[in-house]
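Below are the chains, spelled out letter by letter.
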Amino acid sequence: MATQHFPEGFLWGAATSSYQIEGAWQEDGKGESIWDCFAHTPGKIIDGSNGDVACDHYHRWQDDIALMKGLGLHAYRFSIAWPRILPQGVGAANQPGIDFYSRLVDGLLEAGITPFATLYHWDLPQAIQERGGWPQRFAAEAFVEYADVITRALGDRVKHWITHNEPWCSGLLSHQIGEHAPGWRDWYAGLAASHHILLSHGWAVPVIRRNSPDAEVGVTLNFTVATTAVRTPENLAAVRVFDGYFNRWFLDPVYGRRYPADMVYAYQKAGVLPASGLDFVVDGDLEAIAAHTDFLGVNYYSRAVLKAAADGESFPVDDPEHATLERTDMGWEIYPQGLYDLLCRLHFEYQPAKLYVTENGASYADAPGVDGRVHDTRRIDYLRAHFIKAREAMAAGAPLAGYFVWSLMDNFEWAKGYTERFGSVWVDYETQVRILKDSALWYQQVIADNAVG
Ligand code: IFM
């Protein structure tokens, strides 16, 4: 395979999120989040762990910036813990929490690394949850208050803002499937939560622009490329439904197309929505959600190979027989072509002004060997294949401006606790020693060459 060069100025980065790495769950006036509460509930996290300490990044951020600088990263995507800023979700701000992110941002800028800040990567203040959480409209109003406070504090230095990370997860995985905090299993609540999350995005965009002149503002969605191996009308309809549930439900309103009518109808038919339809949508909401954004953040890991349910009515089911056997430790199929297909689809169907891959990566358990190094060659193969597909999508016209590897370091993988390792940097959770895996050294070279061979 010939070396693929990336255009000058292409941003190479790595990503993390607050709850997954910071620890310090009770320090310096931080309020409790729904993830503190969820992870402290027995039975919710597979290994019984939590993010109380995680990678202790709250205390080790300077060393972590030094690591990033050593890797040559151009950009770092991190998230801000809302309950560090407003411990009760609204009202009094917590200056030490603001100061932490202010120091982090200054440190990044001094190291020549561009900060990309995500406002919400799932750690909702528990106080907001106690008032009903995202299924309530109030949560969207509270988010705007939080967005205002933090962008006023950092908006002079942070020039790339992501309102939300993966609304499918914070809306449906959390309220419909129940795997993530707050662990509800109520489809209607999941749709209401998703709507208020999108609404809070739309409402926050002009506030961020006001507080952070010349900033780029966008949202990050996670996508699963849906496909079927046996192209019967039933299976193709199943693909359409899955795509509507996972991808279009979020993309369409953000790009001014309202909620997909086929899905509204399907939800009404299934009794998920009342006959009156989207009764949580108020006049003006859809216009707000469609606020102009400067970029779309794309999180891509895998695809879904689907078939129609046997009764022809229920939600589509997985068709593992027809998927390839190559999987990461998460059990996710490795399908780099999906990234090409996705970036091209987004470009041709939705025309975002700019795209960033805000997450892509793989979980592999490879640990330090006798030589003290971590030979994670499967992660290198995974990343290389995806970088190449991204470059091909750019050649086909997709306006991709940067790529953030998930994740900078091993961290708390939500309901899977510390059993999955996505990092380019190995973390020993006992000692907090960090070791650059082979994939980190490989990535360092990709960045230096601005090319992948
Ligand atoms: O760890 C998560 C991240 O928080 C959101 N996107 C997917 C990653 C891997 O599951």
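Basis of the calculations
Residues numbered from 1 in each chain as written. Predicted model: local features only at pLDDT ≥ 70, side-chain atom pairs only at ≥ 80, totals over all residues. Heavy atoms only, no water. Axes fitted to C-alpha atoms, helices over the stretch in contact; angles between N-to-C directions. Helix = DSSP H or I, 4+ residues; strand = E, 2+ residues; numbered from the N terminus. Parallel < 35°, antiparallel > 145°, perpendicular 65-115°, else oblique. Left-handed = near helix turned anticlockwise from the far one by under 90°. Contact = heavy atoms within 4.5 Å. Nonpolar A, V, L, I, M, F, W, Y, C, P; charged D, E, K, R; others polar. Expected span 1.5 Å × (residues − 1). Bend = angle between axes of the 7 residues up to and from the residue. Buried < 20%, exposed > 50% of the residue type's maximum accessible area, 1.4 Å probe, protein only. Disulfide = S-S within 2.5 Å. Near = heavy atom within 4 Å. Polar contact = N/O pair within 3.5 Å; in protein donor to acceptor, adjacent residues only side chain to side chain. Areas by Shrake-Rupley, 256 points an atom, 1.4 Å probe, with all protein chains shown as cover. Pairing = 2+ DSSP bridges.

(A) The arrangement of the packing of helix 10 (residues 233-254) against helix 13 (residues 337-350) in detail. Packing of helix 10 against helix 13 brings their axes to within 13 Å, and their N-to-C directions diverge by 45 degrees. As the angle between them shows, helix 10 and helix 13 are arranged oblique. In terms of crossing hand, the pair formed by helix 10 and helix 13 is right-handed. On helix 13, the residues touching Asp243, Asn247, Arg248, Leu251 and Asp252 of helix 10 are Arg345, Leu346 and Tyr350. Looking at side-chain class alone, the contact of helix 10 with helix 13 contains three nonpolar, one polar and four charged residues.

(B) Up close: helix 3 (residues 57-71). The end-to-end C-alpha distance of helix 3 is 17 Å, clearly below the 21 Å that 15 residues give at a rise of 1.5 Å each. At aspartate 63, helix 3 shows its maximal bend, which comes to roughly 40 degrees. The set of residues buried in helix 3 consists of His57, Tyr58, Trp61, Asp64, Ile65, Met68 and Leu71. Residues of helix 3 that are buried make contact with helix 1 (18-21), strand 3 (75-79), helix 4 (82-85), helix 5 (95-110), strand 12 (434-436) and helix 15 (438-449).

(C) Structural detail: the state of the cysteines. Applying the stated criterion across every chain, the model contains zero disulfides. For cysteine 55, which is in no disulfide, the shortest distance to another cysteine sulfur is to cysteine 169 and amounts to 19 Å. In this structure cysteine 55 comes out as buried when scored by relative accessible area, which is 0%.

(D) Fine view of the site of the ligand. The local shell around the ligand consists of Gln20, His121, Trp122, Asn165, Glu166, Tyr301, Trp332, Glu359, Trp406, Glu413, Trp414 and Phe422. Within the side chain of glutamine 20, an N or O atom sits 2.7 Å from an oxygen atom of the ligand. Between the ligand and glutamate 359 there is a distance of 2.5 Å, counted from a nitrogen atom to a side-chain nitrogen or oxygen. Across the complex, the protein chains shield 95% of the 280 Å² of accessible surface that the ligand would expose by itself. Grouping the amino acids of the shell around the ligand by side-chain chemistry returns six nonpolar, three polar and three charged.

(E) Focus on the pairing of strand 3. The element strand 3 is extensively covered by neighbouring structure, given that five of its five residues are classed as buried. Side-chain alternation along strand 3 places Ala75, Arg77 and Ser79 on one buried face and Tyr76 and Phe78 on a second face that is also buried. Of the strand pairs in this sheet, strand 2 (residues 11-15) and strand 3 are connected by three bridges, and their pairing is parallel. Bridge pairing in strand 3 places alanine 14 opposite tyrosine 76. Looking at chain direction, strand 3 and strand 4 (residues 114-120) are connected through five bridges and run parallel. Bridge pairing in strand 4 places serine 79 opposite threonine 118.

(F) Quick look at the environment of aspartate 156. Positionally, aspartate 156 belongs in the loop between helix 7 (137-154) and strand 5 (160-165). Note on aspartate 156: relative accessible area 53%, which makes it exposed. Separated by 44 residues in the primary sequence, aspartate 156 and glycine 112 have C-alpha atoms spaced 16 Å apart. Among the polar contacts listed, one links the side chain of aspartate 156 to the side chain of arginine 157, at a separation of 3.1 Å.

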